[in-house]
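Listed below, chain by chain, are the residues.
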Amino acid sequence: MSHLLRGELIKTMTTRTVLGFAVGGVAFAVLNVLAVAVWSGTLDEVPEKEEALSALPILLLLWGLVGTAGEYRHRTAAPAALVGRRHRGVVLSARITAYALMGLLLGTLTTMVSVGLALPLLRDQPGPDLTSGDVGAVVAGNLVAFVLSAILGAALGALLRSPVLGVVVLLIVNFAVIPLLSGVSESMVNLTPFGAAGVLSRMTHHTTLSVVEAGWVLAAWTAAVALVAVVVERRRDLA
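The rules behind each value
- Residues numbered from 1 in each chain as written.
- Predicted model: local features only at pLDDT ≥ 70, side-chain atom pairs only at ≥ 80, totals over all residues.
- Heavy atoms only, no water.
- Helix = DSSP H or I, 4+ residues; strand = E, 2+ residues; numbered from the N terminus.
- Rg over C-alpha atoms; globule rule 2.2 N^0.38 Å.
- Buried < 20%, exposed > 50% of the residue type's maximum accessible area, 1.4 Å probe, protein only.
- Contact = heavy atoms within 4.5 Å.
- Areas by Shrake-Rupley, 256 points an atom, 1.4 Å probe, with all protein chains shown as cover.
- Salt bridge = Lys/Arg side-chain N within 4 Å of Asp/Glu carboxyl O.
- UniProt positions renumbered as here; feature names shortened; annotations may be inferred.
- Expected span 1.5 Å × (residues − 1).
- pLDDT = per-residue confidence, 0-100.
- Axes fitted to C-alpha atoms, helices over the stretch in contact; angles between N-to-C directions.
- Left-handed = near helix turned anticlockwise from the far one by under 90°.
- Nonpolar A, V, L, I, M, F, W, Y, C, P; charged D, E, K, R; others polar.

- Identification of the chain as ABC transporter permease from Streptomyces gossypii is taken from an unreviewed UniProt entry.

Take a look at the structure:
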C-alpha cells in the first residue's frame, strides 16, 4: 500500500492541475480577504471578521474531481492497478489518500496567505478583535474542510469518470440547485456539502448549523461518497 500511495502522491504533486488550483486558490483567497475586509465596509462582529479568513476550501472539491476523473479520461487508472498488482479499489483508496494529503498541503498554503493578509487589514475595524483562539478555530475549520473537500472531489471523480461531466454537474448544483434550496430552506442548504463547507470555513455565518455540526455533515457526505466510489471501483473490470 505504501508504494501505491507514494506513486499516487508523485502523480498528484507533479501535474499541472495541482499548480493551477494552488495559484487559483491563493488568488481567490486574496480576493475574498479584500472583498470582506476592505470593500464590504464596517465589520464590527467577530463572525464577520472570521469570514475574511476563509480560504474557500470548496474549490478543492473541483480539483479532486477533475484530477481523479482525468485518470479515466487518459486511461491511466487501469494500468496503475496492473502495475501495482493490487485491486482497483485499493488503488483508488491510495489515490483518495494522496488527494487528502495534498489537500492538507494546499489548504495550509492558502490559509496562511488568507490569515496573513486578513489580520493586518482587520486591525482598523471597530468592535472586538479576533483572539488567537478565534483565529486558530478558523484555521482548523478551513484545513478540515480542505481535506474533506479534496476527498469528496476525488471520490466523485472516480464515480463520474469524466472531468467535463463533473464540472457541469458541480456548476449546475452550485448555481442552480443550491440557490433554489436556499429559497426554500436555509437549513436544507447547510446539510449539503457546499453549505456545510461554507459554515465550517466561516464563509457562512449566523446559520442554523454550528461549526462542529457542519464538520460532521461534511464528513458524513465524504465518507458515504468515498465508500460508494471504492465499492463501485472494485466491481469494475480493467478495461
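Next, the rest of the story.
Points about the overall build of the chain
- Helix and strand content of the chain: eleven helices and zero strands.
- Secondary structure elements in the chain, listed N-terminal to C-terminal, are α-α-α-α-α-α-α-α-α-α-α.
- The C-alpha atoms of the chain give 19 Å as radius of gyration, which agrees with the globular expectation for 239 residues (18 Å, within 12%).
- Projected onto its principal axes, the C-alpha coordinates of the chain cover approximately 60 × 40 × 25 Å.
- Looking at the 239 residues of the chain, the share that counts as buried comes to 45%.
- Of the contacts formed within the chain by residues at least 6 apart in sequence, a portion of 80% connects residues at least 24 apart.
- In the form shown here, the chain has an accessible surface area of approximately 11,500 Å², with 69% of it arising from carbon and sulfur atoms.

Quick notes on the pattern of salt bridges
- With the rule as written, the count across this model stands at one salt bridge.
- With its nearest N and O atoms 3.6 Å apart, the salt bridge here joins Glu 50 to Arg 202. Note that Glu 50 is positioned in helix H3 (residues 46–51) and Arg 202 in the loop between helix H10 (193–200) and helix H11 (211–235), a separation of 152 residues in sequence.
- The class of Glu 50 is buried, set by a relative accessible area of 11%.

Section: the UniProt feature "transmembrane region" (unreviewed entry) in the chain
- If you check UniProt for "transmembrane region" (unreviewed entry), the listed places come out as residues 21–40, 52–72, 92–115, 135–157, 164–184 and 214–232 in our numbering.
- In this annotation, residues 135–157 is assigned 100% helix and 0% strand; the end-to-end C-alpha distance for the span is 33 Å.
- In this annotation, residues 214–232 is assigned 100% helix and 0% strand; the end-to-end C-alpha distance for the span is 27 Å.

Re H11
- Compared with the 36 Å implied by 1.5 Å per residue over 25 residues, the 37 Å span of H11 between its first and last C-alpha is a close match.
- Of the positions making up H11, those classed as buried are Ala 214, Gly 215, Val 217, Leu 218, Thr 222, Val 225, Ala 226, Ala 229, Val 230 and Glu 233.
- Against the buried residues of H11 lie helix H4 (59–73), helix H6 (88–122), helix H7 (132–160), helix H9 (186–190) and H10.

Description of the confidence of the model for the chain
- Per-chain confidence: the chain averages 85 in pLDDT, with 92% of residues scoring 70 or above.
- By mean pLDDT, the top-scoring element of the chain is H7 (94), and the lowest-scoring one is helix H5 (residues 77–84) (50).

What about the packing of H6 against H7?
- For the pair H6 and H7, the least separation of the axes is 8 Å and the interaxial angle reads 145°. In this structure, the crossing between H6 and H7 has a hand that is right-handed. Packed against H6, whose contacting residues are Leu 92, Ile 96, Tyr 99, Ala 100, Gly 103, Leu 104, Gly 107, Thr 108, Thr 110, Thr 111, Val 115 and Leu 119, the element H7 presents Val 135, Val 139, Asn 142, Leu 143, Phe 146, Val 147, Ala 150, Ile 151, Ala 154, Ala 155 and Ala 158 at the interface.
- Split into classes, the residues belonging to the contact of H6 with H7 amount to 17 nonpolar, six polar and no charged.

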